[in-house]
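If you want the building blocks of each chain, they are given just below.
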Amino acid sequence: MSEVEKPTPEDNQVLVKIHAASVNYGNLVLLRGEPFLARFAFGLLKPKYSIPGGDIAGRVEAVGKYVKQFQPGDEVFGDLSSCGWSGFAEYVAVPENALAIKPANISFVEAAAVPMAGVTALQGLRDKGKIQSGQKVLINGASGGVGTFAVQIAKSFGAEVTAVCSTRNVDIVQSIGAAHVIDYTKEDFTKKAERYDLILAVNGYKPISAYKRSLNPKGNYVMVGGAGAQLTQAMVLGPWHSFISNKKMGTMLQSANQKDLIFMKELLEAGKVKPVIDRCYKISEVPDAFRYFEEGHAQGKVVITV
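Residues numbered from 1 in each chain as written. Predicted model: local features only at pLDDT ≥ 70, side-chain atom pairs only at ≥ 80, totals over all residues. Heavy atoms only, no water.

Caption draft 1: Representation of the sheet that holds strand S8 (residues 180–183) within the structure. Here we have six strands laid out as an open sheet, ordered S8-S7-S6-S9-S10-S11, and parallel in their pairing. Across the chains shown, the open sheet's two edge strands, defined by having one partner strand only, are S8 and strand S11 (248–251). Here the strands of the sheet are splayed against their neighbours by 15 degrees on average, with no regard to which way each runs. Of the strand pairs in this sheet, strand S7 (residues 160–165) and S8 are connected by four bridges, and their pairing is parallel. What sits directly across from Cys 165, in S8, is Asp 183. (Pairing = 2+ DSSP bridges. Helix = DSSP H or I, 4+ residues; strand = E, 2+ residues; numbered from the N terminus. Axes fitted to C-alpha atoms, helices over the stretch in contact; angles between N-to-C directions.)

Written out as structure tokens, the structure is:
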């Protein structure tokens with residue numbers, strides 16, 4: 001850890017005293033520059049942003065003179081990935097549109113788990129996946145950060161959710177509302193007869209042709225995470241499969257925005273979604289948190305307390 005000056009908010013910024021932040025895949029990309037294409041956004045030879053951390057929850061300490069939405073004392077949460085990161089710190093100064101009022105019924109630790117993972121799941125299902133009530137939706141990688149939100153969000157839209165996970169995570173995905181669970185250590189969903197209207201690929205690896213077989217006519221496959229080969233196939237082969245068939249196949253990058261953060265707040269306050277927290281680490285233990293996260297077995301989110 002290193003000491004830096006406490007930031008001073010500009011006229012259009014909010015100064016937040018951070019209480020918790022969470023670990024996301026984007027933090028690893030920022031620090032290590034892998035995959036290589038990410039370096040054009042995060043720094044070609046060294047990290048463009050010296051302090052990682054995208055998701056935060058905390059309390060407003062001061063506001064710039066042009067800030068309209070917040071005042072000192074407000075409890076907030078937000079995604080800093082589009083405005084300089086820097087969530088793994090005691091304070092951060094950010095534009096007001098990176099934040100929303102924290103849901104009243106959850107803690108700072110729970111709120112910090114939401115922004116990037118929750119909005120990724122929301123945008124993948126609703127915007128790219130065009131989810132509809134009554135559809136059969138499969139979440140591959142259902143027990144991780146994005147996956148646990150995806151299961152709950154899909155259910156909130158009225159879908160019949162099938163979750164794919166390992167044996168140790170079956171109880172977790174059942175507890176958050178999955179109607180059906182497939183243990184990938186025992187069976188391969190792409191070899192079963194069941195077909196789905198929407199598949200959200202969050203983790204692991206399956207050839208895009210296998211996903212295509214598992215879709216209903218006019219079905220939709222959205223890749224938001226997983227192995228590098230899975231990303232490459234979704235980007236390169238997805239448009240081709242979409243062109244030659246009536247099935248839509250492709251990938252999606254999360255776009256941080258306040259409107260979707262507020263949508264997630266409403267789901268949380270309505271009790272339709274609840275963050276799943278695996279472990280909490282102190283800010284002095286960030287390297288340990290990264291090592292655990294990289295193992296790829298986190299059940300839900302890994303959170304840093306400040």
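What follows continues from the structure just given.
Caption draft 2: Seen up close, the pattern of salt bridges. Per the stated rule, a full pass over the model turns up 13 salt bridges. A salt bridge links Glu 194 to Lys 136, with the shortest nitrogen-to-oxygen separation between them at 2.8 Å. In this pair, Glu 194 sits in the loop between S8 and strand S9 (196–201) while Lys 136 sits in strand S6 (residues 136–140), placing the two residues 58 residues apart along the sequence. A cluster of three or more residues bridged by salt bridges with shared partners is formed by Arg 59, Glu 75 and Lys 102. (Salt bridge = Lys/Arg side-chain N within 4 Å of Asp/Glu carboxyl O.)

Caption draft 3: Layout of the packing of aromatic side chains. Inspection of the entire model under this criterion finds five aromatic pairs. Among the aromatic side chains, those forming a connected cluster through ring pairs are Phe 189, Tyr 211 and Tyr 221. The ring of Phe 108 has Lys 102 sitting right over it, with the charged end atom 5.3 Å from the ring centre. Above the face of the Tyr 292 ring, Arg 279 is positioned so that its terminal group lies 3.8 Å from the ring centre. (Phe/Tyr/Trp six-rings, centres within 6.5 Å; stacked < 30°, edge-to-face > 60°. Lys NZ or Arg CZ within 6 Å of the ring centre and 35° of its normal.)

Caption draft 4: Structural context of helix H5 (residues 145–156). Spanning 12 residues, H5 covers 17 Å between terminal C-alpha atoms, matching the ideal 16 Å at 1.5 Å per step. Backbone geometry just after H5 places Gly 158 at a positive phi near 90 degrees. (Expected span 1.5 Å × (residues − 1).)

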